[in-house]
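Topology and contacts: notes
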Amino acid sequence: MNATTAKKYICVNCGYIYDPELGDPMNNIPPGTAFESLPKEWVCPICYAMQDMFDPLS
Amino acid sequence: MKPSVASLYQAVELKQDVGPLLVGERTNANGSKKFRDRLLENDYQACLAIGQEQEASGAHVLDLCAAYAGRDELADMLELVRLFSSSIKIPLMIDSTTPACIGECLKIYPGRAIVNSINLEDGGVNIRKVCPMLKTYGAAVVALTINARGMAMTADDKVATAREIYDIAVGEFGLRPQDLMFDALTFTIGAGDETLRDAAVQTLNAIKRIKAEMPGVMTILGVSNISFGLAPHSRKVLNSVFLHEAVQAGLDAAIIDAGKVLPLSKISPEDLELSLDLLYDRVKDPLKSPLMRFIEHYQAHVPETAADEAATRARRPEQIMFDLIVDGDKDGFEDTLSILLQRRSALAIINDILVPAMRHVGELFGRGDILLPFVLKSAEVMKLSVTYLEPHMEKVEAAHVTKILLATVQGDVHDIGKNLVDIILSNNGYKVYNIGIKMPAETIIEKARELKVDLVGLSGLLVKSAIVMKESMPLYQEAGLGVPILLGGAALTPKFVAQECVPGYNHPVVYCSDAFAGLKAVRDFEAGTLKTTTWDLQVQGEKLKPGLKNIEVVRTHPVPQPPFLGSRVVTDIDPTPLFSYINEQALFRGRWGYRRAKQTAEAYDQLIANEVRPLYAEFKRRAIQDGLVRPQAAYGYFRCHSEGDVLHVQDGDATHLFPFPRQAEPPHLCITDFFRTPAEGGDIVAFFVVTIGPEIDKATHALYDANKYHDYLMLHGFSVELTDAFAEYWHQVMRRELGIGGAEPENLTGFVNQAYQGSRYGFGYPACPDLDAHKAVFAMLKPERIGVTLTDGMEMVPEQTTSAIVAHHPQAKYFAV
Ligand code: B12
Ligand SMILES: [Zn+2]
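For every chain, the first residue of the written sequence is number 1, and numbering continues from 1 onward in sequence order. For naming, the first written chain is A and the first written ligand is 1, with later ones following in the order written. Per-residue local features of the predicted model are confined to residues with pLDDT of at least 70, and side-chain atom pairs are confined, for both listing and counting, to 80 or more; whole-chain, interface and lining totals are unaffected and use all residues. Only hydrogens and water are set aside; all other atoms, that is, all heavy atoms of the structure, feed into the side-chain values.

1. Points about the overall build of chain B
Threshold: The secondary structure listing takes helices from DSSP runs of H or I that are at least 4 residues long and strands from runs of E that are at least 2 residues long, numbered from the N terminus. Relative accessibility decides the category of a residue: with a 1.4 Å probe and only protein chains considered, values under 20% of the type maximum give buried, values over 50% give exposed, and everything between is partly exposed. Any two residues whose heavy atoms approach within 4.5 Å at even a single point are treated as in contact. In short, Shrake-Rupley with a 1.4 Å probe defines the accessible areas, and a residue's cover is counted only from the protein chains shown.
Scanning chain B from N- to C-terminus turns up 27 helices and 26 strands. For chain B, with 817 residues in total, the buried portion stands at 54%. Pairs at least 24 residues apart make up 75% of the contacts formed inside chain B by residues separated by at least 6 positions. Taken as a whole, chain B presents about 33700 Å² of accessible surface, with 53% of it coming from carbon and sulfur.

Quick look at the structure:
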C-alpha cells in the first residue's frame, strides 16, 4: 500500500488521528507506514489505547 | 369531481371504493410512545420512519401530531411537515388545535391536507379562526362533536353539534359540505361504566343521521377508543367488528392502525356474535352483562384471529417477540407477551424466546454487527418483558439459575462498569446481586455466603482498586470463599491479574475486559470450562512507550509570572463555553460506542447525523436547562524547584514533595526535567482540580434506576467528556493567566495533540502514576471548597472531577514511563 492512498485511523478513546503520511514520531514510526503495518506493540501516542480501539476514518 | 385530498405525489379519494379511508395514527406524540420518544430525542428521521411504516402497512392518509407538553409544537410541526411532505406519498392530516400552528403548516404543505380538528368547545372562537385558513388553502377538516358542555354523548347531541358546526363552516365561511369530516366520537364500552353501555349505539346512530341530514359531508371516527380497557388480543376483534358496523352506518374514514384491522372473514362466528352483543348491548344471559361474557370468553381463549393474523404476516408471536428484543423495539411488546402467555408459561417464554434473543444480540455484538448502544436498547426491552412476566411466575421457578455477586471494591465509588455487567448478565437470564460500591472484602465474603452465589465479580476504576483486588485475594482464600472470581475495570490488565491476583487464590481468577467477557466467563463456568487468566510475554508482547524521542530539554526557558501565589476557587463558571471543548469523536465513538465497525462510511455518517447528534444536542440543552452542570475549579500557582526526580513545591511555609518516575530508556525523561533547579533560580508550577458537580451523576443514576440503560450509558459518557472538556478549558484559562496563551490550537485536533505551550499531567497517568500525590494536591488546593472529597482509594468524589499538574515548559508533552 502506498502512503498517500493509505487510510487514516482515529483513536475512539481520545480522538488522536493516525495519519500514515506523518507516521508517529512519539512511537518511532516513520512517515509512510500504513496503519495495518504498525507493529502489534504499537499503542496510541496520546492515551495508550491499543489498535483495536481505532476506527477507520471516511 | 369526487372529494379528495392530495400530497405532492398523489390524490386520494375521501370516499374509498372498498372499506373506509384509513388514517394512520402512529405518528402522533400523544398516541404513540415510540413516536413521542423519537420526537423528544429530536430524531425527526426516526419519526419519518414511523410514518413510512404506516404508509407501508396500508394507511391512506397520515395523521401527524407533535403537540406535547414542553415541546415547541410549531417548530416540530414545521420540521415534520416539511420532511414528511417530501418523503411520504400519502396526504397528511395536520393534527393540531392551535390555529396559528395549523395556518403555518397549511402554508408550507404542498398538497391538499386535512386539518384535525375543529370543535365548539370554546363556543365558536377557534373555529372562526381556522375556517378562513381552510378556505384559503382549500383544506378539508375533521370536526369533533364537542360543544360548550363538553363531548356530546347522545346521538341527539352529537347531531345537533354537527349541525351547528355545519352552519358556521358552510353558512358563514362558505366551505363545501364535502370539506367537513364529522367525528361523532366514541367512548369505551370496555371499562364497565354503566352510563356508557350504549356508547357504540349512540355513535352509530349519530353517523347515520349526520350522513342523512347533512348531505355531502364526510364522517370519520377514532375507532379503537371503543375497546379501551380490554385485553389487547380481544380489542383487535372488537375494533374490527365495530369498524365494520360503522362503515355500514355510513362511516367514510377511520383513524386506526391499518395493520391492526382484521377482515370479518378472519373472525370466527362466535367471536363476531360476542362483539356484536357487546356493541349493541344485547343482554342474552340475565346474570351476565354482554361485557362480562365478552371478557370471560377472551380470558379462556386466544382468539384464532390472533394466530391467523400473525400467520398472514408470516410471523408467529414467538418470532415477533424475538425480533422486538433484537431490534430493541418496545412497541407492542405487552400485546405480544400477553398472546404468548396463553400458550406458554412465563418461564418458558423467558427461557425459549427472550434469553435466546439476548444471546443472539450478544453474538451480533461480538461479530461487530451491532454497536453497544443498541445492545442496551435490547436489554431494556428484555428487562421490561421480564418485569411484565414476573407476576405470572411461580416462585420456585427461579431456583436453578446461576447466581453472581457484583461489587465495586473498597475505596472506589465507580459504579457504571459494574452496572453494565449487571445489565448484561441479568438480562441474559442470570441472577445478579449487585451489592454496591466501596465494598470491603469482609462484606463481600459475608454476602457471597449468605446468598450462596456461584461466582463473584469485582470492579474498580483506578489502579488503587486493582491493588485492593490483589490484596484481598488471600482474604478470600482464607475465608474459603470457594467460587471463581471475575475481575474487571479500566486500570486492570491481564498481566496484572495473572501475575498479582491469581497466585493469592486457588480457584479461577479471571480478567474480563468488558461486560461480554464477563458473560462469556459465566457461560464457561456453567460449561465447566472456565479458566484462570494466564499471561505470556511471548504471545502478548510488551506495549511500546510513546513519547518524544530525540529531545534535549532546554534549561534556560523563561519562567512566567503567575497571576497570584497560592490557591483560589472559582464557583461561578458558565457551562456553555465548555461545550466547544468537548471531544466529539471520543464521546461518540469511545464513551457512547457509536463506532464505525462494519458500516460503510455513508451509513456511519447517517447514524451520526440522525441518531447521535440529536441526542447530543438534547443533552447539551438539558445540561443547561435542568441545571445538571455546575462547573467549579480549585487551582493555584506555586514556587517550586526540581531536585533530581523530585519536585519541591512551596505553599506558604509548607513544602510538598512530588516524586516522579524517570524513563528507563532514552531519552530518560522525568516530569522534573521541565522545572528549574535551585541553582537555575527555581520555577513556577500550577495545579488544578475541576468538577462539573454532583447533579449530572444523580441524573445518571436515576436513569439506571429506571432501567433506561441506553440513556444511562449516554448521559454518563456525556458527563465524563464534559469533565474532560472542562479540564481542557481550564488549562487554557491558566495558560492565559500565565501569559503563555500565545499559540493556541485552532481546533480540537490541536488540543488532542497538545498544540499549545506546556502540558498538563493527570495524576494516575503514566508520567505521574502515583495517585497518593492527591493528598498534597488537596492540602494545597482545598477542593473541599468546591465540594470535592477524596476516598481512601485516592478517588475524587463526585466522579466527574479531574486533577492535573500544569507545566509551562514548551517542551513538556505527554510521555510514558
Ligand atoms: C472516562 C474516564 C474518566 C472520566 C470519568 C471517570 C468515571 N468513569 O467516572 C474523568 C474524566 C472524570 C476521569 C477522571 C480520572 N481518571 Co479516568 N478514565 C476514564 C476512562 C477513559 C474510561 C472510564 C469509564 O468510565 N469507562 C466506562 C465504563 C463503563 O467502563 P469500565 O468501568 O471500565 O467497565 C467496563 C469494563 O472495564 C468491564 N468491567 C468493569 N468492572 C467489571 C467487573 C466485572 C466482574 C466484569 C466481568 C467486567 C467489568 O466491563 C465494563 C463494561 O464493559 C478510563 C480509561 C479507559 N479507556 O477505560 C480512564 C482511567 C480510568 N482514568 C484514569 C485516571 C488516572 C483518572 C484520574 C485519576 C485522572 C486525574 N488525575 O484526574 C481521574 C480520577 C477521577 C476521580 N473521580 O477520581 C486511569 C486510571 C489508572 C490509575 N492510575 O488509576 C484510566 C485507566 C486511564 C489510563 N489509561 O490511565 N476519567
Ligand atoms: Zn488515544
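2. Points about the pattern of salt bridges
It is possible for side chains bearing opposite charge to pair when their charged atoms get close. All names here are of chain B. Inclusion rule: Salt bridges are defined by distance alone: a side-chain nitrogen of Lys or Arg within 4 Å of a carboxyl oxygen of Asp or Glu.
In the structure shown here, the tally under the stated rule is 45 salt bridges over all chains. Notably, a salt bridge pairs Lys-34 with Asp-329, separated by 3.6 Å at the nearest N-O pair. Within this pair, whereas Lys-34 is found in helix H1 (residues 33-40), its partner Asp-329 is found in the loop between helix H12 (317-327) and helix H13 (333-341), the two being separated by 295 residues in sequence. Of the residues examined, Lys-34 reaches a relative accessible area of 17% and is grouped as buried. Put simply, Arg-38 and Glu-41 hold a salt bridge, and the shortest N to O gap is 3.1 Å. One network of salt bridges, with partners in common, ties together Glu-273, Asp-277, Arg-282, Lys-284 and Arg-293.

3. With respect to the coordination of the zinc ion (ligand 2)
For a metal bound by four donors in tetrahedral geometry, the ideal donor-metal-donor angle is 109.5 degrees, whereas six donors in octahedral geometry ideally sit at 90 or 180 degrees. Our working definition: Distances decide who is a donor: an N, O or S atom must be within 2.8 Å of the metal, or within 3.2 Å for Na, K and Ca. Water is not included, so sites may look incomplete. For four-coordinate sites, all angles between 85 and 135 degrees define a tetrahedron; for four- and six-coordinate sites, opposite donors beyond 155 degrees with the remaining angles between 65 and 115 define square planar and octahedral shapes respectively, and all other cases count as irregular.
Around the zinc ion (ligand 2), the protein contributes the donor atoms Cys-11 of chain A (SG), Cys-14 of chain A (SG), Cys-44 of chain A (SG) and Cys-47 of chain A (SG), which lie 2.3 to 2.4 Å from the metal centre. Classification of the site at the zinc ion (ligand 2) as tetrahedral follows from its four donor atoms and the range of 104 to 117° in their angles at the metal.

4. Overview of the interface of chain A and chain B
Our working definition: Values labelled buried area give the accessible surface lost by two parts on being combined, using a 1.4 Å probe and summing over both. Throughout this description, a polar contact denotes any pair of N or O atoms lying within 3.5 Å of each other; where both atoms belong to protein, one of them has to be capable of donating a hydrogen while the other can accept it, and for residues adjacent in sequence the pair is counted only when both atoms sit in side chains.
Facing 27 residues of chain A, the contacting portion of chain B comprises 27 residues. Of the roughly 2300 Å² buried between chain A and chain B, counting both surfaces, carbon and sulfur atoms make up 58%. Where chain A packs against chain B, one counts two salt bridges. Note that Arg-589 of chain B and Asp-55 of chain A form a salt bridge whose closest N and O atoms lie 3.0 Å from each other. Scanning the region where chain A abuts chain B turns up 14 residue pairs in polar contact (both at pLDDT 80 or more). A per-element tally of the side of chain A that touches chain B places strand E3 (residues 54-56) of chain A first, with three residues.

5. Quick look at the nonpolar core
The nonpolar side chains of a soluble globular protein tend to be buried with one another. As a reminder, the rule being used: Nonpolar cores are built from buried Ala, Val, Leu, Ile, Met, Phe, Trp, Tyr and Cys residues. Side-chain atoms within 4.5 Å join them into one set.
In this structure, Leu-80, Phe-84, Ile-114, Met-181 and Phe-182 of chain B are the most contacted members of the largest nonpolar core, which totals 102 residues. Discounting chain neighbours no more than four positions away, the residues touching Phe-84 of chain B are Thr-27, Cys-47, Leu-48, Gly-51, Leu-62, Leu-64 and Leu-92 of chain B.

6. Quick notes on the pairing of strand E16 (residues 485-488) of chain B
Residues and elements named next belong to chain B. Under the convention used in this document: Here the rule is simple: two strands pair whenever DSSP picks up at least two bridges between them. Seen with the strands pointing away from the viewer, any crossover whose path from the first strand over the helix to the second strand runs clockwise is right-handed.
The side-chain alternation of E16 yields two buried faces, one formed by Ile-485 and Leu-487 and the other by Leu-486 and Gly-488. In terms of strand pairing, strand E15 (residues 455-459) meets E16 through four bridges, oriented parallel. Counterpart to Gly-457 in the pairing with E16 is Leu-486. Of the crossover connections in this fold, the one passing from E15 over helix H18 (residues 463-479) to the parallel E16 is right-handed. Where E16 meets strand E17 (residues 509-512), four bridges bridge the pair, whose relative direction is parallel. Within E17, the residue paired with Leu-487 across the bridge is Tyr-511. The parallel pair E16 and E17 is bridged by helix H19 (residues 494-501), and the resulting crossover is right-handed.

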